[in-house]
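# A structural walkthrough
In case you want the letters, here they are:
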Amino acid sequence: MKGLSALTLGGLMLASAAFGDAASGDLAAGRKVAGLCRVCHGLQGVAQVPIAPHIAGEPVSYITRQLAAFRSGAREHEMMTVVARGLTDTQIADVAAWYSAHTARASLPPGADASAAPALCVTCHGETGIAVNPDAPNLAAETNIYLATQLKAFRSGKRRHEIMSGIAADLTDDEIRASADWYAAMRLEVTEPGAPGPCGAAC
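Let me begin by describing the structure that accompanies this report. Here the structure is a predicted model, which means the values were calculated and not measured.

## Overview of the side chain of His41
- Position of His41 relative to the elements: it lies in helix H3 (residues 38-41).
- Discounting chain neighbours no more than four positions away, the residues touching His41 are Val46, Ala47, Gln48, Ala52, Pro53, Ile55, Met80 and Tyr99.

## Observations concerning the pattern of salt bridges
- The full count for this structure, using the stated rule, is 4 salt bridges.
- Close ionic contact of Asp173 with Arg155 constitutes a salt bridge, the shortest N to O distance being 2.8 Å. Taken together, the residues span a long stretch of sequence, with Asp173 in helix H10 (residues 173-184) and Arg155 in helix H8 (residues 144-156) at a distance of 18 residues.
- Given a relative accessible area of 28%, Arg155 falls into the partly exposed group.

## Here's the deal with empty space enclosed by the protein
- Scanning the model with the defined rule gives 2 cavities of 30 Å³ or more in all.
- Here the residues of the lining of the largest cavity sort into 7 nonpolar, 3 polar and 1 charged.

## Focus on the packing of H8 against H10
- At a minimum axis separation of 8 Å, H8 and H10 run at an interaxial angle of 140°. By the angle between their directions, the pair H8 and H10 is classed as oblique. With respect to the hand of their crossing, H8 and H10 are arranged in right-handed fashion. Within the contact between the two elements, H8 uses Asn144, Leu147, Ala148, Leu151, Lys152 and Arg155 and H10 uses Asp173, Ile176, Ser179, Ala180, Asp181, Tyr183 and Ala184.
- Here the contact of H8 with H10 is built from residues that sort into 7 nonpolar, 2 polar and 4 charged.

## Re helix H4 (residues 60-72)
- With 13 residues, H4 ought to run about 18 Å at 1.5 Å a step, and its terminal C-alpha atoms sit 18 Å apart, in line with that.
- Taken across its 13 residues, H4 has 10 buried, putting it largely inside the fold.
- Among the residues of H4, those classed as buried are Val60, Tyr62, Ile63, Thr64, Arg65, Gln66, Leu67, Ala68, Ala69 and Phe70.
- Backbone geometry just downstream of H4 places Gly73 in the positive-phi region, at approximately 95°.

## Looking at the packing of H4 against helix H6 (residues 89-100)
- With their axes 9 Å apart at the nearest point, H4 and H6 run at an angle of 140° to one another. Here H4 is positioned oblique relative to H6, judged by the angle of their axes. The crossing of H4 and H6 is right-handed. Of the residues in H6, those in contact with Val60, Ile63, Thr64, Leu67 and Arg71 of H4 are Asp89, Ile92, Val95, Ala96, Ala97, Tyr99 and Ser100.

## Regarding the environment of Ala68
- With respect to the helices and strands, Ala68 occurs in helix H4.
- Considered as a pair, Ala68 and Arg85 are 17 residues apart in the sequence and their alpha carbons are 8.8 Å apart.

## Observations regarding the nonpolar core
- Among the nonpolar cores identified, the biggest contains 23 residues, and Leu147, Tyr183 and Leu188 are the most heavily contacted of them.
- Of all the elements in the fold, those that place two or more residues in this core are H8, helix H9 (164-169), H10 and strand S2 (187-191).
- Per-element accounting of this core gives the leading share, 5 residues, to H8.
- Residues Val33, Ile63, Val95 and Tyr99 belong to the second largest nonpolar core, which totals 17 residues.

## Describing H8
- Between its terminal C-alpha atoms H8 stretches 18 Å, which fits the 18 Å expected from 13 residues at 1.5 Å a residue.
- Listed as buried for H8 are Tyr146, Leu147, Ala148, Gln150, Leu151, Ala153 and Phe154.
- On its buried face, H8 is in contact with H9 and H10.
- Looking one or two places after H8, you find Gly157, whose phi comes out positive at around 95°.

What counts, and where the lines are drawn
- Residues numbered from 1 in each chain as written.
- Predicted model: local features only at pLDDT ≥ 70, side-chain atom pairs only at ≥ 80, totals over all residues.
- Heavy atoms only, no water.
- Helix = DSSP H or I, 4+ residues; strand = E, 2+ residues; numbered from the N terminus.
- Contact = heavy atoms within 4.5 Å.
- Salt bridge = Lys/Arg side-chain N within 4 Å of Asp/Glu carboxyl O.
- Buried < 20%, exposed > 50% of the residue type's maximum accessible area, 1.4 Å probe, protein only.
- 1 Å grid on protein atoms, 1.4 Å probe; cavity = no way out; pocket = protein on both sides within 12 Å on 5 of 7 lines; lining within 4 Å.
- Points joined across faces, edges and corners; volume = space filled by probe spheres on them.
- Nonpolar A, V, L, I, M, F, W, Y, C, P; charged D, E, K, R; others polar.
- Axes fitted to C-alpha atoms, helices over the stretch in contact; angles between N-to-C directions.
- Parallel < 35°, antiparallel > 145°, perpendicular 65-115°, else oblique.
- Left-handed = near helix turned anticlockwise from the far one by under 90°.
- Expected span 1.5 Å × (residues − 1).
- Core = buried A, V, L, I, M, F, W, Y, C linked by side-chain atoms within 4.5 Å.

Written out as structure tokens, the structure is:
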């Protein structure tokens, strides 16, 4: 299992390299491509439905890897697989650049103590859900439904990752619920490229 997970992740990393670096994406073109994404993820990357993640401010490499995985079939989703298969390499690079160009900030809700953050998560995802590891996604203000679903997918093997699969394998339902609830409670603010201030959940 570990060998397969590492092989899959390695393949996705190689795939992302084919799209070039962050500077290769065209923001204006990416904004147009994002029109395909706005129903679920919002034009600024703030999710409009509870089963979709926020993608504002995610690194270009992360967004590219996920789209490459959906397009190749390494990761499957009834909607994302269809959308990704219709995207060219250039469109993926452009839309990744567009969403990555947004700035995402998160803060603790009133009364929350940072020391209560899930210990297994903070090394990569941070206390407030803004990732400190560029290979990890932000989790701030995702719905607990979405977060719990992903953790259970890693635990069951439906979704595989060389790090997350091992971490989720030993999590109980209560631990999954607690981690999901923690990050779901965070306050998220998003600033669009060139905008003077955050647009928050109104994006």
